[in-house]
Amino acid sequence: MIRGCAARRWIHAALTLMGVTLTVAAAVVWNDAAAQESGAPNPAASTGAGAVAPGEQPIAFSHARHVAQAGIDCQFCHAYARRGPVAGIPSVERCVGCHRSILTERPEILKVLDYWEREAPIPWLRVHDLPDYVRFSHKAHVRSGIDCAACHGDVAGMDLAVQVESLSMGWCVDCHTARDASRDCLVCHY
Ligand code: HEC
Ligand code: HEC
Ligand code: HEC
Ligand code: HEC
Ligand code: HEC
């Protein structure tokens, strides 16, 4: 117990020395072109989970209509979940692949087509946002057969994507314990 506390203080001190602040930041936008589609980590990533309220996203995108109703697979849009650290946010090009011909007269689709014409990424607000000092990769989890819903809940039925799990250290470590995965501090911390 005492040794555990000392280790926590040590990591905390080391993280502080590295300039990591443990404060909660305001909502962060997925506006980095590299994080959209390419699956590269978002360099603008910052601490704190963004709670996104209804109407705040730039387009009223509904997972329920695309997944539950239209039957589109998660990984058609989040194409990097099996391959890299970041699942990725689909580019406007991917939306237009369908919406240059589907529902083209609807106001929300006209907004999508306007981003496309201006060659501007859609400035989606981040829903999940682990602190920068935490290492997480989708690849290992998805390849070991863990379903998206185990960590994200029933996104397929959501109109507005929200965070359903705490993403706390305890939440990660509980599953690592249950599944006999590593609990080494440096597996999850830089
Ligand atoms: C048609 C494309 C599309 C499909 C299919 C899709 N998504 Fe998404 N997803 C998006 C877009 C666009 C966003 C960003 C807007 C938002 O947060 O709602 C997003 C956001 C998310 C987020 C929140 C990301 C963040 O900012 O933290 C999660 C989690 C997510 N999707 C999981 C899933 C899962 C699980 C499935 C399958 C059940 C799925 N998605 C299917 C397009 C899609
Ligand atoms: C694979 C084809 C496909 C892709 C890719 C796709 N959509 Fe859709 N989208 C649909 C279909 C089909 C519907 C109608 C679903 C329903 O309600 O049954 C729809 C509906 C919508 C609507 C509701 C429009 C309205 O007012 O009725 C919006 C907004 C939307 N899509 C935005 C997006 C965005 C943003 C993206 C890119 C992140 C995207 N879609 C990617 C097929 C697609
Ligand atoms: C073991 C838990 C876990 C599983 C399984 C999982 N995710 Fe995630 N997902 C997370 C965490 C944690 C984050 C936040 C990462 C961050 O902030 O750096 C996240 C973030 C995301 C995001 C935001 C963009 C990004 O990549 O950071 C999307 C989109 C997403 N997940 C989709 C999916 C999809 C689709 C699946 C299934 C194919 C899936 N996730 C499986 C835990 C998981
Ligand atoms: C639902 C269960 C579950 C949850 C929740 C979970 N993990 Fe894991 N994690 C696993 C399993 C199982 C493995 C081992 C995968 C393997 O054998 O390659 C793993 C492996 C890892 C690895 C090693 C990846 C690699 O590249 O070898 C890291 C890092 C990791 N998890 C971080 C996290 C973090 C951070 C969180 C919380 C934000 C988290 N995990 C939440 C089940 C989980
Ligand atoms: C399976 C992944 C995982 C492992 C293993 C892990 N951590 Fe963490 N840790 C996290 C996550 C995720 C957070 C961020 C929690 C949050 O934002 O609420 C975190 C946050 C922290 C923090 C800062 C938050 C606070 O309480 O002030 C410290 C310090 C920390 N971890 C130390 C450790 C030490 C020491 C170990 C080894 C005994 C360890 N961690 C092992 C995932 C992990």
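So, here's what we can say about the structure. The numbering scheme is per chain: residues are counted from 1 as the chain's sequence reads. Here chains are named by letter from A upward and ligands by number from 1 upward, in the order in which they appear as written. Selection of residues for local features in this predicted model requires a pLDDT of at least 70, selection of side-chain atom pairs for listing and counting requires 80 or more, and totals for whole chains, interfaces and linings are taken over all residues. Computation of side-chain values: all heavy atoms of the structure, hydrogens and water removed.

**Observations regarding the coordination of the iron atom of ligand 5**
Thought 1: Shown as donors are all N, O and S atoms within 2.8 Å of a metal ion, widened to 3.2 Å for Na, K and Ca; because water is not in the atom set, sites may appear incomplete. On the protein side, the iron atom of ligand 5 has Met169 (SD) and His189 (NE2) as donor atoms, found 2.0 to 2.2 Å from it.
Thought 2: Site shape is set this way: if four donors have all angles between 85 and 135 degrees, tetrahedral; if opposite donors are over 155 degrees apart and all others between 65 and 115, square planar for four donors and octahedral for six; otherwise irregular. Classification of the site at the iron atom of ligand 5 as octahedral follows from its 6 donor atoms and the range of 88 to 179° in their angles at the metal. One end of the pair, Met169, is in helix α8 (residues 169–178); the other, His189, is in the segment after α9 (185–188), and 20 residues separate them in sequence. Here a strand is any run of E in DSSP of at least two residues, a helix any run of H or I of at least four, and the numbering for each starts at the N terminus.

**Quick word on helix α5 (residues 107–117)**
Thought 1: When a residue's accessible area, from a 1.4 Å probe over protein chains only, is under 20% of the maximum for its type it is buried; when over 50% it is exposed; and in between it is partly exposed. Along α5, the residues classified as buried are Ile109, Val112, Leu113 and Tyr115. For α5, the angular spread of buried residues about the axis comes to 155°, placing them on one side. Those residues of α5 that are exposed and aimed more than 90 degrees away from the buried face are Pro107 and Glu117.
Thought 2: Contacts: residue pairs with any heavy atoms within 4.5 Å of one another. The inward-facing, buried residues of α5 abut α4 (92–99).
Thought 3: Phi for Glu119, located one or two positions after α5, is positive at around 55°. Arc definition: directions from the helix axis to the C-beta atoms.

**Brief notes about the packing of aromatic side chains**
Thought 1: Geometry of aromatic contacts follows a simple scheme: Phe, Tyr and Trp rings, the Trp one being its six-membered ring, pair when their centres are within 6.5 Å, and the pair is stacked under 30 degrees between planes, edge-to-face over 60, tilted otherwise. A full pass over the atoms with the stated rule returns 1 aromatic pair.
Thought 2: Here the aromatic rings of Phe61 and Trp124 are separated by 6.1 Å at their centres, their planes lie at 70°, and the arrangement is edge-to-face. Highlighted residues: Phe61 in the loop between α1 (2–17) and α2 (63–69) and Trp124 in the loop between α5 and α6 (138–143), separated in sequence by 63 residues.
Thought 3: Classification of Trp124 as buried rests on a relative accessible area of 12%.
Thought 4: Either the NZ atom of lysine or the CZ atom of arginine qualifies as a charge over a ring when it sits within 6 Å of the ring centre and within 35 degrees of the ring normal. Seen from the ring of Phe76, Arg94 lies directly overhead, with NZ or CZ sitting 5.1 Å from the centre.

**Focus: the side chain of His189**
Thought 1: For His189, a relative accessible area of 13% puts it in the buried group.
Thought 2: Here Tyr133 takes part through its backbone oxygen, which lies 3.3 Å from a polar atom of the side chain of His189.
Thought 3: Aside from chain neighbours lying at most four places away, what touches His189 is Tyr133, Val134, Arg135 and Met169. Nitrogen and oxygen atoms within 3.5 Å of one another constitute a polar contact, given that in protein one can donate a hydrogen and the other can accept it, and given that sequence-neighbouring residues count only through two side-chain atoms.

**Observations concerning the site of ligand 4**
Thought 1: We define proximity as follows: a residue is near a molecule or strand when any one of its heavy atoms falls within 4 Å of that partner. Around ligand 4, the structure places 15 residues, and the nearest of them are His141, Cys172, Cys175, His176 and Val187.
Thought 2: Within the side chain of His141, an N or O atom sits 2.8 Å from a nitrogen atom of ligand 4.
Thought 3: Residue His176 places a side-chain N or O atom 2.8 Å away from a nitrogen atom belonging to ligand 4.
Thought 4: If you list the elements that add at least two residues to the shell around ligand 4, you get α6, α8 and α9.
Thought 5: At 4 residues, the largest contribution of residues to the shell around ligand 4 is made by α8.
Thought 6: Class assignment for the residues of the shell around ligand 4 results in 10 nonpolar, 3 polar and 2 charged. When residues are grouped by polarity, Ala, Val, Leu, Ile, Met, Phe, Trp, Tyr, Cys and Pro land in nonpolar, Asp, Glu, Lys and Arg in charged, and all others, Gly among them, in polar.

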